[in-house]
Structure formats: structure tokens, C-alpha cells
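Next come the chains, spelled out residue by residue.
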Amino acid sequence: MAPQSFLRSLFMVKSVTDYQREALNSQLKRTLTAKDVTMIGIGEIIGAGIFVITGKAAALHAGPAIVLSFILSGLACAFAGLCYSEMAALVPVAGSAYTYAYATTGELLAWVIGWDLMLEYLMGAATVAVGWSAYLVSFLNSLGADIGTRWTVGPVEYSDKRGFYSDETTGIINLPAIAIVVLCTTILCLGVRHSAMFNHAMVFVKVIVIMLFLFSTVSYVKPENWSPFIPERTEDGKYGFAGVLRACVSVFFAYIGFDAVSTCAQEVKNPARDMPLGIIGSLVFCTILYILVSLCLTGIKPYTLLGTSAPLADAVKDLGMTWLKIAVSIGGVAGLTSVILVSLLAQPRVFASLAADGLLPPVFGRIHPKFGTPMVSTIVSGTFCVVAAGFLPVRDHRVPSAGTLLAFMLVCISVSVLRFTRPDLERPFRVPLGPIIIPGLGALSAGALIVTTGVETILRLAIWMALGLVVYGGYGYRHSRLRHQRALVPGDEKDSHQIDMSGDMDSKEALHPHSH
């Protein structure tokens with residue numbers, strides 16, 4: 001193959017019409033509504049962030065002005081959320097950012113982002129599972145049950161200073177982390193409806209706990225704790241407006257996860273309407289909760305005392321509310337459970353999309369005839385997560401977070417590219433202010449936050465991507481369905497029609513191209 005032909009083949013674009021046709025003929029069961037999608041988003045977003053990051057970021061960086069940090073970070077997430085909404089409504093299939101990249105920037109970048117999503121969802125779920133285990137052990141210890149580390153910590157740990165190590169602080173296996181992953185994987189195998197109901201229950205628990213915290217502590221708020229609202233900058237660089245901006249980086253990671261909503265697009269009854277509602281609705285709801293909790297937490301306790309591992313629980317304990325401390329701990333466990341569930345919900349659907357395009361073996365795309373779920377992909381994802389959470393040092397969230405930000409950046413770019421290359425497409429939802437302003441701001445903010453994760457994190461992300469390119473060269477490139485189709489029908493690269501994606505997808509028994 002000539003070098004130019006080879007390079008061109010790496011950037012072949014799959015047509016939007018092909019994706020829309022796949023969406024209408026999907027074997028996945030369309031059972032989710034806008035409420036379900038919103039709850040899935042809330043389930044993934046509200047986790048350790050509201051129970052831990054809020055206090056730590058206030059103590060270390062912003063003081064009471066942590067509220068501004070949440071507003072700024074929420075605004076940055078809104079840019080990406082609007083872009084996800086446009087793409088999910090236009091191309092309602094399960095691949096999320098992978099699908100959007102394939103439809104705009106070509107196969108190679110699509111594979112890169114699909115491989116990147118594995119890092120986000122699988123490693124992210126494993127990291128949260130380890131955190132869930134630690135939170136549960138801490139909760140049980142507070143009740144007088146000494147669990148120890150032998151069966152609650154993996155055999156190997158890692159730190160930047162020591163590298164990989166094993167000593168008296170490590171154990172044999174992290175059984176609680178394994179147990180929660182097995183539970184979530186089992187629920188996910190039984191169908192997306194069961195998964196959504198379990199997620200609803202977890203979201204209900206943690207939202208009720210957060211509301212209890214707000215209503216029970218509001219009378220203890222001391223306005224003097226908010227003064228000065230933006231503390232003066234110290235010699236070691238803390239606080240001031242620069243501290244507010246640094247806190248933005250920390251609290252931004254409390255929002256990460258809403259993108260997992262887009263992987264459910266193929267199981268939503270009316271994706272053109274429900275996907276934008278779910279993505280934007282979950283972001284708005286969580287931003288309001290974050291702001292209210294930040295105000296209340298910094299009001300009942302001086303911000304300098306909030307840098308603990310469980311600031312909400314410690315704050316209510318100091319008020320003498322033991323019952324509320326227990327409730328907050330339960331809410332934390334429920335919050336982390338729903339994050340694990342949604343991450344493990346998203347990953348198999350990315351696997352299935354890659355398999356549908358021939359970039360992974362067909363077994364990853366098989367849909368169970370009874371449960372309507374990608375059963376094999378779900379079990380593979382759960383098995384990988386069990387091994388990582390039970391035995392490997394996966395406490396560092398920076399690499400999965402950097403991977404998420406890369407996905408955000410490419411989705412924002414995809415919106416702009418498709419607006420210029422296919423202006424004729426009828427978009428059920430459009431990012432406001434044109435194809436440049438909001439997508440550009442979204443891509444820039446995501447790129448800037450990637451830089452702040454540090455050189456080591458970026459290097460690890462690059463190594464992971466290099467490994468992905470090896471897998472692509474060994475399997476994906478040779479088995480790509482699009483490449484084989486183009487070889488049989490050269491030049492067939494453009495959509496001739498757009499398919500009507502509006503309305504209830506279950507009611508569509510045939511394809512209805514718009515007349516031209």
C-alpha cells in the first residue's frame with residue numbers, strides 16, 4: 001500500500017447515517033427514560049467528591065471561596081456537557097467519545113479515544129472500589145469493629161517516592177473491593193433496567209443523606225467562618241484568587257463521570273430528547289448540591305480544619321451529631337457504590353461498539369438474548385476490575401482523570417469538525433453560540449487541566465496510549481469493518497441521507513430517510 005493510501009486509511013470516517021442505522025437496529029433493549037439518564041449521571045458524579053474533596057480543597061487552596069471553584073469548574077464541565085449532548089442526540093449509539101471521534105476525525109483517533117475510555121472506566125472503577133473498601137473499613141472501625149489490613153488491602157502499594165513496595169501496611173487481598181465489584185457486575189449482567197433501579201436506590205440514599213446534612217447543620221452556620229471569603233495569599237502559595245483557581249483543578253475531578261451517560265444512548269427510548277436532558281440535568285443538579293454543601297461545610301467549621309479524610313463526617317461529629325455522622329458514612333458508601341456501578345455499566349458498551357466496528361473480536365459485541373446486555377464484555381470488565389481492585393495499587397486517580405479530560409477535549413473538537421463537514425445534518429440539540437465558542441472553550445479548559453495533572457501522569461497516559469496502538473496494529477487495523485467495506489466499494493464515503501432520529505425509538509420499525 002502506498003504511504004498516502006495507508007495514512008488515508010488510518011483516518012477513514014464512518015458516516016453518521018451508518019451509526020444512526022445501527023442505533024435503529026440495535027439489539028440492546030431501549031428501556032431508559034430521561035429520569036433514568038439523569039439519575040445515572042448523578043450516580044456517577046456524586047461520589048467521593050462531595051464527601052471528601054470539598055473539605056480538602058477548602059483547607060488547602062481556596063477557603064470559603066471553594067464555592068467559586070465549584071462554579072468555575074461546573075462551567076468548564078458545562079462546555080463539555082453541551083458538546084456531549086449534541087453528539088449523543090445526533091449519534092445515539094453506545095460508544096460515547098469513541099463513536100463521535102470515528103464520525104469526525106477518523107478511525108485511528110477513534111481507537112485512541114476508545115482505548116483511553118478503558119483507562120477511564122476500568123481503572124476509574126477499580127480506584128473507586130479501593131476507596132469504597134477504605135471508606136467501609138473506616139466506618140466499621142468507628143463503630144468499634146477492628147477489621148485490620150490483612151484482607152482489606154492489596155499485597156502491593158505504590159508511591160512516587162518509594163515506587164512499588166510491600167511492607168507491614170499491605171495485606172494479602174482487598175476482599176471488600178472485590179465484593180463490591182462482583183455485586184455491581186452481577187447486577188449489570190441482569191439488564192440495564194435492573195441496573196438503573198439499583199442506581200436509583202443508591203442515588204436516593206446519598207441525596208437524602210446530603211439533604212439531612214444541609215437541613216441539620218444550617219442552624220449551626222457561623223457567618224464569621226466565611227470571612228474573609230477569599231483568604232489572603234500566604235507565603236507558601238496557599239489561598240488568594242490563585243488558590244481558588246488551583247482548587248478548580250481538584251474540584252473538577254468531582255464532576256468527572258457525566259460522560260458515562262452517553263454510553264447508554266443505545267438503550268434510551270428517545271435519545272434525541274432524553275440524552276441532552278440527562279447530561280445537562282445531572283450536571284446542574286450536582287453543581288447546586290456541591291455549592292450548598294460547600295457553603296454549609298465552611299460555615300459550620302473553620303476552613304483550616306477541613307483537611308481530613310472525611311471532612312463532612314468529622315464536622316458533624318464535632319457538633320455532637322453521632323447519628324448524622326453514621327448517616328454521612330452510609331451516604332459515602334452508597335455514593336461510591338453508584339460510581340462503581342455506572343463505570344462498569346459504561347465500559348462494556350464501549351467494548352461492544354469497538355467490536356461492532358471490527359476493532360475488537362466479535363465476542364465483545366455479543367448481546368445476551370434474554371437480558372439484552374453485552375454479557376461477555378460486562379464479565380470481562382468486571383474480571384479486570386476485580387484483579388485491579390483486589391491486588392494492584394490503583395489509588396491514584398490522576399491517570400484516569402487525565403484520560404477523561406482527553407475524551408472531553410476530543411468530543412468538543414468533534415462538534416466543531418462535524419458542524420463544518422456536515423452542516424446539512426438535522427441536529428435535535430445544538431450547542432449554542434455556534435461551532436467555535438463553546439466547543440473551543442471546552443477543549444481549551446480540558447487541555448489546560450490535563451497539563452495540571454503533572455508530567456508523570458501525562459507520561460503514564462502516553463505509555464498506555466502507545467500500548468493501545470500496538471493492539472490496534474495487531475488486530476484492529478486488519479479487522480476494521482469500515483476498511484473492508486471501503487476496499488469492496490471504493491469512494492463510498494459520504495452519507496446520502498440522514499435518518500430521522502426524533503421520537504420514540506421503539507416505535508420505529510423501518511428507516512425513514514428525509515427526502516431531499
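Residues numbered from 1 in each chain as written. Predicted model: local features only at pLDDT ≥ 70, side-chain atom pairs only at ≥ 80, totals over all residues. Heavy atoms only, no water.

Engineer: Can you walk me through the overall build of the protein in this structure?
Structural biologist: Tallying secondary structure elements over the protein gives 18 helices and two strands in all. In the protein, once contacts between residues fewer than 6 apart in sequence are set aside, the share between residues at least 24 apart is 80%. For the protein, the accessible surface area stands at approximately 20900 Å², while carbon and sulfur atoms represent 68% of it. (Helix = DSSP H or I, 4+ residues; strand = E, 2+ residues; numbered from the N terminus. Contact = heavy atoms within 4.5 Å. Areas by Shrake-Rupley, 256 points an atom, 1.4 Å probe, with all protein chains shown as cover.)

Engineer: Explain the state of the cysteines here, please?
Structural biologist: Disulfide: a covalent bond formed between the sulfur atoms of two cysteine residues. Inspection of the entire model under this criterion finds zero disulfides. Unpaired in terms of disulfides, Cys385 finds its nearest cysteine sulfur in Cys184, a separation of 8.8 Å. For Cys385, a relative accessible area of 0% translates into the label buried. (Disulfide = S-S within 2.5 Å. Buried < 20%, exposed > 50% of the residue type's maximum accessible area, 1.4 Å probe, protein only.)

Engineer: Any chance you could explain a nonpolar patch on the surface here in plain terms?
Structural biologist: Taken together, the side chains of Leu72, Phe229, Ile230, Phe241 and Leu245 make up a nonpolar region of the molecular surface, amounting to roughly 420 Å² of accessible area. Mapped onto the elements of the fold, Phe241 is located in helix H10 (residues 240-255). The exposure class assigned to Phe241 is partly exposed, which follows from its relative accessible area of 49%. (Patch = residues over 30% accessible without salt bridge, like charges linked within 9 Å, V, L, I, M, F, W, Y side chains within 5 Å. Salt bridge = Lys/Arg side-chain N within 4 Å of Asp/Glu carboxyl O.)

Engineer: What is the right way to read the packing of helix H12 (residues 311-318) against helix H13 (residues 322-356) from this model?
Structural biologist: Two quantities define a packed helix pair, namely the angle between the helix axes and the distance between the axes. One way to put it is that H12 packs onto H13 with a least axis distance of 8 Å and a crossing angle of 170 degrees. When the axes of H12 and H13 are compared, the pair comes out roughly antiparallel. Residues Leu312, Ala313, Val316 and Lys317 of H12 form the contact with H13, whose own contacting residues are Leu324, Lys325, Val328 and Ser329. (Axes fitted to C-alpha atoms, helices over the stretch in contact; angles between N-to-C directions. Parallel < 35°, antiparallel > 145°, perpendicular 65-115°, else oblique.)

Engineer: Sorry, what's going on with the side chain of Asp116 here?
Structural biologist: You can see Asp116 is positioned in helix H7 (residues 107-142). Put simply, Asp116 is tucked away with no salt bridge, and the nearest opposite charge, on Arg460, sits 14 Å away. (Lys, Arg positive; Asp, Glu negative; His and termini not counted.)

Engineer: What is the right way to look at the nonpolar core in this model?
Structural biologist: Here is a general trend for soluble globular proteins: nonpolar side chains tend to be buried in one another's company. Counting 159 residues, the largest nonpolar core has Tyr84, Tyr98, Phe213, Phe258 and Leu344 as its most contacted members. Ranked by residues supplied to this core, first place goes to H7 with 19 residues. (Core = buried A, V, L, I, M, F, W, Y, C linked by side-chain atoms within 4.5 Å.)

Engineer: Please explain the pattern of salt bridges as it appears in this structure.
Structural biologist: Two side chains carrying opposite charge are able to pair once their charged atoms lie near each other. Inspection of every chain in the model, using the stated rule, returns seven salt bridges. The salt bridge partner of Lys301 is Asp318, with a shortest N-O separation of 2.7 Å. Of the two residues, Lys301 is situated in the loop between helix H11 (271-300) and H12 and Asp318 in helix H12; the sequence distance between them amounts to 17 residues. According to the relative accessible area criterion, Lys301 is buried, its value standing at 11%.

Engineer: Would you mind showing me how to read the packing of helix H3 (residues 34-45) against H11 here?
Structural biologist: Where H3 contacts H11, the axes come no closer than 8 Å and their chain directions differ by 40 degrees. When the axis of H3 is compared with that of H11, the two are oblique. Judged by the twist between their axes, the crossing of H3 over H11 is right-handed. Contact residues: Ala34, Val37, Thr38, Gly41, Ile42 and Ile45 in H3; Asp274, Met275, Leu277, Gly278, Gly281, Ser282, Leu283, Phe285, Cys286 and Tyr290 in H11. Taken together, the residues of the contact of H3 with H11 break down into ten nonpolar, five polar and one charged. (Left-handed = near helix turned anticlockwise from the far one by under 90°. Nonpolar A, V, L, I, M, F, W, Y, C, P; charged D, E, K, R; others polar.)

Engineer: Explain the packing of aromatic side chains to me, please; I cannot follow it from the model alone.
Structural biologist: The geometry of an aromatic ring pair is captured by two quantities: the separation of the ring centres and the angle between the planes. Inspection of the entire model under this criterion finds ten aromatic pairs. For the ring pair Phe351 and Phe364, a centre distance of 5.3 Å and an interplane angle of 50 degrees mean the geometry is tilted. Of this pair, Phe351 sits in helix H13 while Phe364 sits in the loop between H13 and helix H14 (375-391); the two residues are 13 residues apart in sequence, bridging distant segments of the chain. Phe364 matches Phe351 in its accessibility class, with the two residues each being buried. Taken together through their ring pairs, the aromatic side chains of Trp111, Trp115, Trp464, Tyr472 and Tyr477 make up a single cluster. (Phe/Tyr/Trp six-rings, centres within 6.5 Å; stacked < 30°, edge-to-face > 60°.)

Engineer: I would appreciate a short explanation of unusual backbone geometry in the present structure.
Structural biologist: Excluding glycine, residues mostly carry a negative phi; peptide bonds, for their part, are mostly trans. Along the chain, Ser227 connects to Pro228 via a cis peptide bond; the corresponding omega equals -5 degrees. If you trace the backbone, Pro228 turns up in the loop between helix H9 (192-217) and H10. For Tyr239, which is not a glycine, the phi torsion comes out positive at approximately 65 degrees. The residue Tyr239 is located in the loop between H9 and H10 in this model. Look at Leu433: it is not a glycine, yet its phi comes out positive at around 70 degrees. Residue classification places Leu433 among the exposed residues on the basis of a relative accessible area of 61%.

Engineer: So what exactly am I meant to see when it comes to the side chain of Ser414 here?
Structural biologist: Positionally, Ser414 belongs in helix H15 (residues 398-421). On the accessibility criterion, Ser414 (1% relative accessible area) is buried. Every residue in contact with Ser414, bar those within four places of it in the chain, is listed here: Met87, Tyr100, Ala101 and Thr104.

Engineer: Honestly, the environment of Tyr84 in this entry has me stumped. Any pointers?
Structural biologist: Here Tyr84 lies in helix H5 (residues 66-90). With 177 residues separating them along the chain, Tyr84 and Val261 place their C-alpha atoms 9.4 Å apart. The residues touching Tyr84, leaving out its near neighbours within four places in the chain, are Ser96, Ala97, Tyr100, Phe258, Asp259, Ser262, Ile279, Ala407, Phe408 and Val411.

Engineer: Honestly, H13 in this entry has me stumped. Any pointers?
Structural biologist: An α-helical turn contains 3.6 residues, so any two residues separated by three or four positions project in the same direction. With 35 residues, H13 extends 52 Å from end C-alpha to end C-alpha; this agrees with the ideal 51 Å at 1.5 Å per step. With 30 of its 35 residues buried, H13 lies for the most part within the structure. Two residues or fewer after H13 comes Gly358, characterised by a positive phi angle close to 85 degrees. (Expected span 1.5 Å × (residues − 1).)

Engineer: Mind showing me how you'd approach the confidence of the model for the protein here?
Structural biologist: In regions of low pLDDT, the predicted coordinates are not meant to be interpreted in detail. Averaged over all residues, the pLDDT of the protein is 81; the fraction at 70 or higher stands at 90%. Looking at the elements of the protein, mean pLDDT is at its lowest for helix H1 (residues 3-10), recorded as 68, and at its highest for helix H8 (residues 175-189), recorded as 92. Note on residues 491-497: pLDDT under 50 across the span, and eleven contacts to partners over four residues away in sequence or across chains. Low pLDDT, under 50, characterises residues 507-516; the stretch is placed with 20 contacts to residues that sit more than four places away or in other chains. (pLDDT = per-residue confidence, 0-100.)

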